[in-house]
Amino acid sequence: MLMNFDEASKHIESGGLLHIAGTEELLRKLPKGNWVGGSTEYFMTKDGGIVSGDLLFVTEFPYDSFAVKSYDVSDVKNVAADSFDHGFSIVIIPFDSAVHREYAENAAAFQDMFLKDIVGWISGINLGSSSQTPTAVNGITGEVFSDKAVVLHIDVPDDKTIAINIVNIFESDKSSPVITFPESGFTTKNCFIDGIETVFADYIAENNIDTKLPLVADYAGAGVNISFRAIENGIVSFYAPVFESIQYKLAKNLPDYSLAFHKHLEGISDANAVFSCNCILNFMYGELEGKILDAFTGPVTFGEIAYQLVNQTLVYVTVQ
């Protein structure tokens, strides 16, 4: 729930196990306790989406067994291996850090990655500010990181069932060419359009491609988005890496982004999510400020984690 600084501080001092999202400035001032945090000024609340530098979003978990660990680029590969056998882990990674890139590019190969329940988000800043730094916070030690991931590993009783869920409003356009890339990474100059090498920025311009819509790939039956970040000097950059071994297609056009998002939530709004996060691109392009998403409240993020990094999705956890 959304709280002011004093309310969040009292929650920490009461000893609860907490996940907290807010500005780096507020997170740094909070007392030490059983919490982890990440930076953002964007939130989905029960009263709708808001932007605030004065409030914090606090999620409390009713569990006694947990561990908080930080990981740098050399050991983030151990995130899933360190998770409890029956529980879930919330990973918070600062945007555009080396550990962000390492996780994005290699998480699928990490030990136990798809045998444990791993969820989380990429922390960010207010898009109108150039002075902020994406951060992750270990509330137990008070450490604030711009270059490390902080993970809350939670142990859940054996009689509970845990599920990691993704809401993705996009699907590939059947008329799209197959797009592949000569190498993996967050940026590219060239690609292959149906096997023909092409300057990707030129293809986008010549075909009036709407870069609010992502590329969509089929990852073992699940549609995974790769969102466009920018096109500068002939280089196309993404919010998640493309992989040379994967075939991509352009996403099917959405005449009404906001309506499509709400239609995808019909029938699952009673999911009783214990944690959820939603992408900043959904917030912006779907014009979610002031709009309510029923049960799905939490931070608005610069990338979502459902095992590996995903984009332009809503990710949530249920424990039943």
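Just above, that's the structure.
Residues numbered from 1 in each chain as written. Predicted model: local features only at pLDDT ≥ 70, side-chain atom pairs only at ≥ 80, totals over all residues. Heavy atoms only, no water.

J.: Before we go on, may I ask you to explain the overall build of the protein chain in this structure?
T.: Helix and strand counts for the protein chain come out as 7 helices and 27 strands. Relative to the 2.2 N^0.38 estimate, which gives 20 Å for 320 residues, the radius of gyration of the protein chain is 19 Å and therefore close to what a compact globule would have. Seen through its principal axes, the protein chain has C-alpha atoms that stretch 60 × 40 × 40 Å. Within the protein chain, the proportion of its 320 residues that are buried is 53%. (Helix = DSSP H or I, 4+ residues; strand = E, 2+ residues; numbered from the N terminus. Rg over C-alpha atoms; globule rule 2.2 N^0.38 Å. Buried < 20%, exposed > 50% of the residue type's maximum accessible area, 1.4 Å probe, protein only.)

J.: What is the right way to look at the sheet that holds strand E8 (residues 87-94) in this model?
T.: The strands making up a sheet are joined through hydrogen bonds of the backbone, oriented either antiparallel or parallel. In spatial order, the strands read E7-E12-E8-E9-E25-E26; together these 6 strands make up an open sheet with mixed pairing. Each edge of the sheet is formed by a strand with only one pairing partner; in this case those strands are strand E7 (66-71) and strand E26 (308-310). Strand-to-strand twist of the sheet, defined as the mean angle between neighbouring strand axes without regard to direction, takes the value 20°. Where E8 meets strand E9 (residues 117-123), 7 bridges bridge the pair, whose relative direction is parallel. Paired with Ile-92 across the strands is Trp-121, a residue of E9. Here helix H4 (residues 98-106) sits on the sheet and contacts E7, E8, E9, strand E12 (149-155), strand E25 (304-306) and E26; the angle it forms with E8, its principal contact strand, is near 130°. (Pairing = 2+ DSSP bridges. Axes fitted to C-alpha atoms, helices over the stretch in contact; angles between N-to-C directions. Contact = heavy atoms within 4.5 Å.)

J.: I would appreciate a short explanation of the pattern of salt bridges in the present structure.
T.: For side chains of opposite charge, pairing can occur when their charged atoms come near one another. Here the structure, examined in full by the defined rule, presents 7 salt bridges. Lys-116 serves as the salt-bridge partner of Asp-112, at 3.9 Å between the closest nitrogen and oxygen. Among the residues examined, Lys-116 registers a relative accessible area of 9% and is labelled buried. Shared partners join several salt bridges into a network, and the residues in it are Asp-96, Arg-101 and Arg-229. (Salt bridge = Lys/Arg side-chain N within 4 Å of Asp/Glu carboxyl O.)

J.: Explain the pairing of strand E24 (residues 298-301) to me, please; I cannot follow it from the model alone.
T.: The side chains of a regular strand alternate, first on one face of the sheet and then on the other. Bridge count for strand E4 (residues 42-45) against E24 is 2 bridges, and the pairing is antiparallel. What sits directly across from Phe-43, in E24, is Pro-299. Pairing of strand E23 (residues 275-279) with E24, which is carried by 2 bridges, proceeds in the parallel orientation. Paired with Cys-279 across the two strands is Thr-301, which belongs to E24. Handedness of the crossover is the feature at issue here: the chain leaves E23, passes through helix H7 (residues 280-285), returns alongside E24, and the resulting connection is right-handed. (Right-handed = clockwise from strand over helix to strand, strands pointing away.)

J.: Can you help me understand empty space enclosed by the protein in this one?
T.: Summary: where empty space remains is shown by rolling a probe the size of a single water molecule over the atoms. Evaluated as defined, the whole model comprises 4 cavities of 30 Å³ or more. In this model, the largest cavity occupies a volume close to 50 Å³. Forming the boundary of the largest cavity are Ala-104, Tyr-219, Val-224, Asn-225, Ile-226, Ala-240, Pro-241, Phe-243, Gln-308, Leu-309 and Val-310. Those elements that provide at least two residues to the lining of the largest cavity are strand E19 (222-226), strand E21 (235-242) and E26. For the lining of the largest cavity, the per-class residue count stands at 9 nonpolar, 2 polar and no charged. (1 Å grid on protein atoms, 1.4 Å probe; cavity = no way out; pocket = protein on both sides within 12 Å on 5 of 7 lines; lining within 4 Å. Points joined across faces, edges and corners; volume = space filled by probe spheres on them. Nonpolar A, V, L, I, M, F, W, Y, C, P; charged D, E, K, R; others polar.)

J.: Explain the layout of surface pockets to me, please; I cannot follow it from the model alone.
T.: Reported here for the largest pocket is a volume of approximately 360 Å³. Around the largest pocket, the lining is made up of 17 residues, and of these Met-1, Leu-2, Phe-57, Val-58 and Thr-297 lie nearest the centre. Looking at the lining of the largest pocket, the elements that each hand over two or more residues are strand E1 (2-3), strand E6 (56-61) and E23. A per-element tally of the lining of the largest pocket places E6 first, with 4 residues. Taken together, the residues of the lining of the largest pocket sort by class into 9 nonpolar, 5 polar and 3 charged.

J.: Explanation requested: the environment of Ser-129 in the structure shown.
T.: By secondary structure assignment, the location of Ser-129 is in the loop between E9 and strand E10 (136-138). Residues Ser-129 and Ala-230, 101 residues apart in the sequence, show an inter-C-alpha distance of 18 Å. Here the side chain of Ser-129 touches Ser-131 through a polar contact of 3.2 Å, side chain to side chain. (Polar contact = N/O pair within 3.5 Å; in protein donor to acceptor, adjacent residues only side chain to side chain.)

J.: Quick question: what am I supposed to make of unusual backbone geometry here?
T.: Note: most peptide bonds trans; most residues except glycine with negative phi. Its identity is not glycine, yet Asp-194 carries a phi of approximately 50°, on the positive side. Mapped onto the secondary structure, Asp-194 falls in the loop between strand E16 (190-193) and strand E17 (196-199). Judged by relative accessible area, Asp-194 falls into the exposed class, the value being 53%. Its identity is not glycine, yet Asn-233 carries a phi of approximately 50°, on the positive side. Mapped onto the secondary structure, Asn-233 falls in the loop between strand E20 (228-232) and E21.

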